[in-house]
Amino acid sequence: MQTYLRGRDLIGDLDFSREEVETVLDVAFDLKRKRALGEPHAYLRDKVLAMLFFFSSTRTRGSFEAGMAQLGGHAAFIESRTTQISHGDTEKEMGEIFGRYFDGIAIRHVDWGIGNRYLNLVAEASRVPILNMQCEIYHPFQILADLMTIIEKKGRDLRRKKMVVSWAYASSYLKPISVPQSLILQMPRFGLDVVLAHPPEFQLMPEIMEQAREQARKYKTGFEITDSMEDGFRDADIVYAKSWGPLLTTTDPDKGKQIQDKYESWITDEKKMALAKDDAIYMHPLPADRNIEITDAVIDGEQSVVFDEAENRLHVQKAVMALTMA
Ligand code: CP
């Protein structure tokens, strides 16, 4: 068990080694058990987390805020537009000053080409851990919760299990590519054979693809790419199908929507789920475009684990906060 995570940032999925992620999972399962039993676990008494949001959230805000309270501390919800950031507070000011007030700084900033750089610059100036609540490249806490959920449903030995990470159609907005990118980085380290399915215009970042291939080589797992949703779903143990924008093709919302609208047939429905194994699970980080991205029958059906995934955000985030901010 790797125990010394105190003071560490979590910005990219590979910032923690596989062994360190194992530690996070062990602590998360323990904290989940303690919460179920009503056992106090105030490991962060009197500690305060700043939660700086440049983009909306339901689960991330709720789970970080509840998690800090359950650990005996407090989380301060700060919307960027209510700060002086637009009047001149730079990343350096935020890191230096918030680093002196708070015991950790969590940031969500998903703007293309801006968010990840922002987090790293705040981290350079901060004396306390920086936690990535989602940038345009990574969503590490979502993926830790996904991994915990997969282990709960499929066991700790995931070798030779097939996970499809598939693009799906959505009409609401061009969703970030951070979830599929973080999935293909983290899952090979835990033995899963990953198949990435998407239409040609929905590529992920080349450097992330290369890192994912490297992880797959290192951990001797499969990593394949297909442009067929059906081929991806076939014989899968884990179906993770969600939308993301064609951001490597265009960042223009109107042009992106035109491209996206060509692929309305990429919906997760019962017919496609029937291609996966009988005991396959369906995953989605939420929010989802119901009956556009995923049918009610699947998301509310027996194979769906979306609410367990959302719950596990709480437990993994508490684990990382307790390990890094104590
Ligand atoms: N899955 C997720 O990050 O949800 P929110 O955008 O609601 O925080």
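Look above for the structure.
All figures in this text were calculated on a predicted structure; none of them were measured in a lab.

Thresholds applied
- Residues numbered from 1 in each chain as written.
- Predicted model: local features only at pLDDT ≥ 70, side-chain atom pairs only at ≥ 80, totals over all residues.
- Heavy atoms only, no water.
- 1 Å grid on protein atoms, 1.4 Å probe; cavity = no way out; pocket = protein on both sides within 12 Å on 5 of 7 lines; lining within 4 Å.
- Points joined across faces, edges and corners; volume = space filled by probe spheres on them.
- Buried < 20%, exposed > 50% of the residue type's maximum accessible area, 1.4 Å probe, protein only.
- Helix = DSSP H or I, 4+ residues; strand = E, 2+ residues; numbered from the N terminus.
- Pairing = 2+ DSSP bridges.
- Axes fitted to C-alpha atoms, helices over the stretch in contact; angles between N-to-C directions.
- Phe/Tyr/Trp six-rings, centres within 6.5 Å; stacked < 30°, edge-to-face > 60°.
- Near = heavy atom within 4 Å.
- Polar contact = N/O pair within 3.5 Å; in protein donor to acceptor, adjacent residues only side chain to side chain.
- Areas by Shrake-Rupley, 256 points an atom, 1.4 Å probe, with all protein chains shown as cover.
- Sits in = over half its atoms within 2 Å of the grid points.
- Nonpolar A, V, L, I, M, F, W, Y, C, P; charged D, E, K, R; others polar.
- Domains from an automatic or database assignment.

## Quick word on empty space enclosed by the protein
Turning to step 1, where the next piece is worked out: In total, this model carries one cavity of 30 Å³ or more according to the counting rule given.
Turning to step 2, where the next piece is worked out: Lining the largest cavity are Leu 10, Asp 13, Phe 16, Val 21, Pro 140, Leu 144 and Gln 186.

## Describing helix α6 (residues 178-186)
Turning to step 1, where the next piece is worked out: Within α6, nine of the nine residues are buried, leaving the element largely enclosed by the surrounding structure.
Turning to step 2, where the next piece is worked out: For α6, every residue scored as buried is listed here: Ser 178, Val 179, Pro 180, Gln 181, Ser 182, Leu 183, Ile 184, Leu 185 and Gln 186.

## Here we look at the sheet that holds strand β8 (residues 238-242)
Strand pairing within a sheet occurs via backbone hydrogen bonds; the two strands may be parallel or antiparallel.
Turning to step 1, where the next piece is worked out: One open sheet accounts for five strands, arranged β7-β6-β5-β8-β9; its pairing is parallel. This sheet does not close on itself; its edge strands, each paired only once, are β7 (223-226) and β9 (281-283). Across the sheet, the axes of successive neighbouring strands diverge by a mean angle of 20°, strand direction being ignored.
Turning to step 2, where the next piece is worked out: Where β8 meets β9, three bridges bridge the pair, whose relative direction is parallel. By the bridge assignment for β9, Tyr 240 is matched with Met 283.

## Notes on the packing of aromatic side chains
To describe a pair of aromatic rings, you give the distance between the ring centres and the angle between the ring planes.
Turning to step 1, where the next piece is worked out: In the structure shown here, the tally under the stated rule is eleven aromatic pairs.
Turning to step 2, where the next piece is worked out: Seen from their ring centres, Phe 54 and Tyr 118 are 5.0 Å apart, and the 70° between their planes marks the pair as edge-to-face. Of this pair, Phe 54 sits in the loop between β1 (48-53) and α2 (59-70) while Tyr 118 sits in helix α4 (residues 115-125), placing them 64 residues apart in sequence.
Turning to step 3, where the next piece is worked out: For Phe 54, a relative accessible area of 23% gives the class partly exposed.
Turning to step 4, where the next piece is worked out: Where Phe 64 meets Phe 141, the ring centres are 5.2 Å apart and the plane angle is 80°; that geometry is what we call edge-to-face. In this pair, Phe 64 is assigned in helix α2 and Phe 141 in helix α5 (residues 140-154), connecting sequence segments 77 residues apart.

## Thoughts on the site of the ligand
Turning to step 1, where the next piece is worked out: As a structural note, the neighbourhood of the ligand is formed by Ser 57, Thr 58, Arg 59, Thr 60, Arg 108, His 139, Gln 142, Pro 285, Leu 286 and Arg 313.
Turning to step 2, where the next piece is worked out: The side chain of His 139 places a nitrogen or oxygen atom 2.9 Å from an oxygen atom of the ligand.
Turning to step 3, where the next piece is worked out: With respect to the ligand, the side chain of Arg 313 contributes an N or O atom lying 3.2 Å from an oxygen atom.
Turning to step 4, where the next piece is worked out: Bound to the protein, the ligand loses 93% of the 250 Å² it would expose on its own.
Turning to step 5, where the next piece is worked out: One can see that the ligand is located within the largest pocket.
Turning to step 6, where the next piece is worked out: Here the shell around the ligand is composed, by residue class, of two nonpolar, five polar and three charged.
Turning to step 7, where the next piece is worked out: Residue assignment places the shell around the ligand across two domains, with domain 1 (13-139 + 312-325) and domain 2 (142-309) each supplying three or more.

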